[in-house]
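# Commentary on secondary and tertiary structure
What follows is each chain in one-letter form.
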Amino acid sequence: MTTPAVTTIKRAGSRFYVHPESGAKAPGVTSVVGCLPKPGLGYWRGTTVANEAVENLSAVVDLVTKGNSAAAVDFLKRAPDRSSGAAAKTGSEVHAIVETINRGEDPGPLHPDFHPWVDRYRDFLDKWQPEFLEVEATVWSHEHNYAGTFDGIARLDGEVVIWDLKTGKSGVWPEVALQLNAYANADVIIDAAGVERPMPEIEGAAVLSLRPDAYKLVPVRLGEDIFEVFRHLLGVFAWESEVSKTVLGAAVDSPK
């Protein structure tokens, strides 16, 4: 996950950005997009738990036969978190290396595990020759009250493109369009010193799906219809994080 220069806080698992001058708080783009239903996630979690049970059957049986069924259940139910945690750690490290390269800096000695990732990324740079205009910058929408941190803006094949880096095995999912449209429609960029400057005119969007053995550059459509869906999700986010907590009053006991 990208680490923004602007201060953020966590509330009930969601990220909020804190404006460096006004102190105003705005929900992060990825937290807002996270309000989308994810039916495939339930299947993945179930499959991960089943695989864990098969691969570690003897350990699970041993816990159960020793009368520690609760520990066996806890071990299995945490399997998805262990899997996603490892992938997130790798993704964060790859993002940090790519950010360093995009800033024109030397990432220094790397663990051998990351050499294939970097080789594929340099293949992308050699072929597409992007000119980076912004790297890992935070945006803010005063009009719609949201903020976020994008991976970069680059002049790519003659267009000014806002782009995102994905490192997951599953590739690119459609909701990334909501993410990139939100970034592209923000009002300002806030730099590391907390100074606002205008958002450049964005002409296109893309995702670089990077894996150790290959990369794919996937164009992403920008459009008012997509941004409208994101604005609806802002309402859903407000419901989940605030409004839903205010709608029920104290229960009234039935008369005796």
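In case you missed it, the structure is sitting above this.
Everything quoted here is computed from the prediction, not taken from an experiment.

### Quick word on the overall build of the protein chain
- Along the protein chain, the regular secondary structure elements total eight helices and ten strands.
- With respect to the three principal axes, the spread of C-alpha positions in the protein chain is 65 × 60 × 35 Å.
- Excluding contacts between residues fewer than 6 apart, the proportion of contacts in the protein chain whose partners are at least 24 apart in sequence is 60%.
- Total accessible area on the protein chain stands at roughly 14,600 Å², and carbon and sulfur atoms take up 55% of it.
- Across the protein chain, 25 positive and 35 negative side-chain charges occur, with their mean positions spaced 8 Å apart.

### Here's the deal with a nonpolar patch on the surface
- On the surface, Trp-239, Val-243, Val-247 and Leu-248 cluster together into a nonpolar patch covering about 410 Å² of accessible area.
- Note that Val-247 resides in the segment after helix 8 (224–241).

### Comments concerning the packing of helix 7 (residues 176–184) against helix 8
- Where helix 7 contacts helix 8, the axes come no closer than 9 Å and their chain directions differ by 90°. Taken together, the axes of helix 7 and helix 8 lie roughly perpendicular to each other. Between helix 7 and helix 8, the contacting residues are Ala-177, Leu-178, Asn-181 and Ala-182 on the first element and Ile-226, Phe-227, Val-229, Phe-230 and Leu-233 on the second.
- Taken together, the residues of the contact of helix 7 with helix 8 sort by class into eight nonpolar, one polar and no charged.

### A closer look at the sheet that holds strand 2 (residues 14–18)
- In space, the three strands of this open sheet follow the order 1-2-3, with antiparallel pairing throughout. The sheet terminates laterally at strand 1 (8–11) and strand 3 (25–27), the two strands that pair on one side only. Adjacent strand axes in the sheet meet at a mean angle of 35° when their direction is disregarded.
- Of the pairings in the sheet, the one linking strand 2 to strand 3 comprises three bridges and is antiparallel in character. In the strand pairing of strand 3, Val-18 is matched with Lys-25.

Analysis parameters
Residues numbered from 1 in each chain as written. Predicted model: local features only at pLDDT ≥ 70, side-chain atom pairs only at ≥ 80, totals over all residues. Heavy atoms only, no water. Helix = DSSP H or I, 4+ residues; strand = E, 2+ residues; numbered from the N terminus. Contact = heavy atoms within 4.5 Å. Areas by Shrake-Rupley, 256 points an atom, 1.4 Å probe, with all protein chains shown as cover. Lys, Arg positive; Asp, Glu negative; His and termini not counted. Charge placed at Lys NZ, Arg CZ, Asp CG, Glu CD. Patch = residues over 30% accessible without salt bridge, like charges linked within 9 Å, V, L, I, M, F, W, Y side chains within 5 Å. Salt bridge = Lys/Arg side-chain N within 4 Å of Asp/Glu carboxyl O. Axes fitted to C-alpha atoms, helices over the stretch in contact; angles between N-to-C directions. Parallel < 35°, antiparallel > 145°, perpendicular 65-115°, else oblique. Nonpolar A, V, L, I, M, F, W, Y, C, P; charged D, E, K, R; others polar. Pairing = 2+ DSSP bridges.

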